[in-house]
2 protein chains.
Amino acid sequence: MTNEELLGNAALKSWKQILGRFDKDLASLTDEQFQKRVAPGKNRLFYLLGHLTAVHDRLLPMLAVGERLHPELDEAFISNPDGTLADPVPVASLRSAWSEINNQLTAAFDRFTPQDWLHKHEAVSDEDFAADPTRNRLAVVLSRTNHLSFHTGQIVLAK
Amino acid sequence: MTNEELLGNAALKSWKQILGRFDKDLASLTDEQFQKRVAPGKNRLFYLLGHLTAVHDRLLPMLAVGERLHPELDEAFISNPDGTLADPVPVASLRSAWSEINNQLTAAFDRFTPQDWLHKHEAVSDEDFAADPTRNRLAVVLSRTNHLSFHTGQIVLAK
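Residues numbered from 1 in each chain as written. Chains lettered and ligands numbered in written order. Predicted model: local features only at pLDDT ≥ 70, side-chain atom pairs only at ≥ 80, totals over all residues. Heavy atoms only, no water.

Here we look at the packing of helix H1 (residues 3–28) of chain A against helix H1 (residues 3–28) of chain B
Alright, step 1. With their axes 9 Å apart at the nearest point, H1 of chain A and H1 of chain B run at an angle of 20° to one another. It follows that H1 of chain A is roughly parallel to H1 of chain B by the angle criterion. Judged by the sense of rotation from one axis to the other, the crossing of H1 of chain A with H1 of chain B is left-handed. In contact with Asn-3, Glu-4, Leu-7 and Gly-8 of chain A of H1 of chain A, H1 of chain B contributes Asn-3, Glu-4, Leu-7 and Gly-8 of chain B.
Alright, step 2. Residues belonging to the contact of H1 of chain A with H1 of chain B are distributed by class as follows: two nonpolar, four polar and two charged. (Axes fitted to C-alpha atoms, helices over the stretch in contact; angles between N-to-C directions. Helix = DSSP H or I, 4+ residues; strand = E, 2+ residues; numbered from the N terminus. Parallel < 35°, antiparallel > 145°, perpendicular 65-115°, else oblique. Left-handed = near helix turned anticlockwise from the far one by under 90°. Contact = heavy atoms within 4.5 Å. Nonpolar A, V, L, I, M, F, W, Y, C, P; charged D, E, K, R; others polar.)

Right, here's the structure in full:
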C-alpha cells in the first residue's frame, strides 16, 4: 500500500471496528431489552438504534454513495426526542434497516481511493470546500464513527 | 496541504474535536459531581476520568512522544475496577494530570508528518509491523479517540 492508501485505510479499519463492536452488542440484545433505558430518565435502546440508523442513512447521499433508504425514520428519531411520537416501526425493522444501510456504506468505503476520501462531502458548497478542504468525506466518517462510539458507551450500560 | 497531509490532518482534527468536547463537559462538572455514577451500579465519573487519564498517559511511550507522567494511576484505574481500591488522588489532581498529558500529546500530534503517523507504534514488534503496516500510530490515535467518545457518552448521562 502507498502512504496515502495506508492513511485512508486506518479510517476504514476504525469504522469497521466500531461498527463490528456495536453489531455484536446488537446481536446480544433481545427485542424486549430494547425498551430498557440506558439510565433512569434517559433514552431507550430502541430510540438510540433508530437514531443511529437515521443518521447513518443520511450518510448515503451526504457521501454520494447512494440514495436514502429510510427517510421515514427522521421524524421519530432525529426531529424529536425519545417518547414524543409512537414508535414508527418494530425493533426487527430497525435491525434490518441498520444492516442494510451499513452494508451499503461499508461496501462503498471499501472501494474508496485516497482521492475519494478527500472528496468534498455533499453538505458543503464548492466555495466553502475550496476555502477549507478538510471538509471532506474522511472527516465525516471519522465524526460518525465517534458518534457511534459515543452511543455504544451508553447502550452497554443497559445490558 | 498535500493529500497525505490532508489525510493525517483529519485524524488530528477528530482527536481535537472529541478532546475539546470532553474538556467542556469536564469544566462544567463540580468536584462533588465526580462521585456520581453514570448509571445505577456503574462507574463513577471519578473512576472514568482516572481511567481515561491513565490510558492517555500510556500513549506517551506507546507513540514515542515522551516518558510516562503518571504511572501511579494504573493500579487504581486500569488494573482494578471502580470501588476496589481507595481513591489514590483528589479530583483536582486528576484534572491537572489530564490536561498535562493531553497537552503534551496534542503538541506532538500537531508536529506529526504523514510519515510520523504511519510509523509503527511501540507495542508492536518490527516483525509484526513489517507483516502488517496498519499497526501504526494513526490506528492507535483513532482507537483512543473512539475510546474517549465511548466514555464521554456515559459521562454526559450523569450531568
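Moving on from the coordinates now.
So, the environment of Pro-114 of chain A
Alright, step 1. Residue position: Pro-114 of chain A is located in helix H5 (residues 114–117).
Alright, step 2. Residues within four places of Pro-114 of chain A in sequence aside, it is in contact with Glu-4 and Glu-5 of chain A together with Leu-7 of chain B.

Observations concerning the packing of aromatic side chains
Alright, step 1. Within this structure, the stated rule accounts for 14 aromatic pairs over all chains.
Alright, step 2. Relative to Phe-109 of chain A, the ring of Trp-15 of chain A has its centre 5.1 Å away and its plane inclined at 75°; by these criteria the two rings are edge-to-face. Placement of the pair is Trp-15 of chain A in helix H1 and Phe-109 of chain A in helix H4 (residues 91–111), with a sequence separation of 94 residues.
Alright, step 3. The exposure class assigned to Phe-109 of chain A is buried, which follows from its relative accessible area of 1%.
Alright, step 4. Centroid distance Tyr-47 of chain B to Phe-77 of chain B: 5.8 Å. Interplanar angle 50°. Geometry classified as tilted. Here Tyr-47 of chain B is found in helix H2 (residues 45–62), whereas its partner Phe-77 of chain B is found in helix H3 (residues 74–79), with 30 residues between them in sequence. Neither residue differs from the other here; Tyr-47 of chain B and Phe-77 of chain B are each classed as buried.
Alright, step 5. An aromatic cluster is present here, built from Trp-15, Phe-109, Phe-112 and Trp-117 of chain A joined pairwise through their rings. (Phe/Tyr/Trp six-rings, centres within 6.5 Å; stacked < 30°, edge-to-face > 60°. Buried < 20%, exposed > 50% of the residue type's maximum accessible area, 1.4 Å probe, protein only.)

Here's the deal with the interface of chain A and chain B
Alright, step 1. Tallying the contact residues gives 35 residues for chain A and 35 residues for chain B.
Alright, step 2. Together chain A and chain B conceal approximately 3000 Å² of surface at their shared face, both sides included; 67% is due to carbon and sulfur atoms.
Alright, step 3. Looking at the side of chain A facing chain B, the largest losses of area belong to Leu-7, Phe-150 and Leu-157 of chain A, adding up to 22% of the total buried there.
Alright, step 4. Counting every contact that joins chain A to chain B gives zero salt bridges.
Alright, step 5. Linking chain A to chain B there are ten residue pairs in polar contact (both at pLDDT 80 or more).
Alright, step 6. At the level of secondary structure, the elements contributing two or more residues to the side of chain A that touches chain B comprise H1, H5 and helix H7 (137–155) of chain A.
Alright, step 7. Here the element with the most residues in the side of chain A that touches chain B is H1 of chain A; it accounts for twelve residues.
Alright, step 8. Tallied by class, the residues present in the side of chain A that touches chain B amount to 18 nonpolar, twelve polar and five charged. (Buried area = accessible area lost by both parts, 1.4 Å probe. Salt bridge = Lys/Arg side-chain N within 4 Å of Asp/Glu carboxyl O. Polar contact = N/O pair within 3.5 Å; in protein donor to acceptor, adjacent residues only side chain to side chain.)

A look at the relation of the copies chain A and chain B
Alright, step 1. Each copy superposes on the other: chain A lies on chain B with an RMSD of 0.0 Å after a rotation of 180° and an axial shift of 0.0 Å. Taken together, the turn and the small shift mark the pair as related by a two-fold rotation axis. Taking C-alpha positions as reference, the residue of chain A nearest the rotation axis is Phe-150 of chain A, located at 2.1 Å.
Alright, step 2. Here 100% of the contact residues of chain A are again contact residues in chain B; the copies associate through an equivalent surface. (Least-squares fit on C-alpha atoms with pLDDT ≥ 70 in both.)

Geometric values such as these leave the question of function open.
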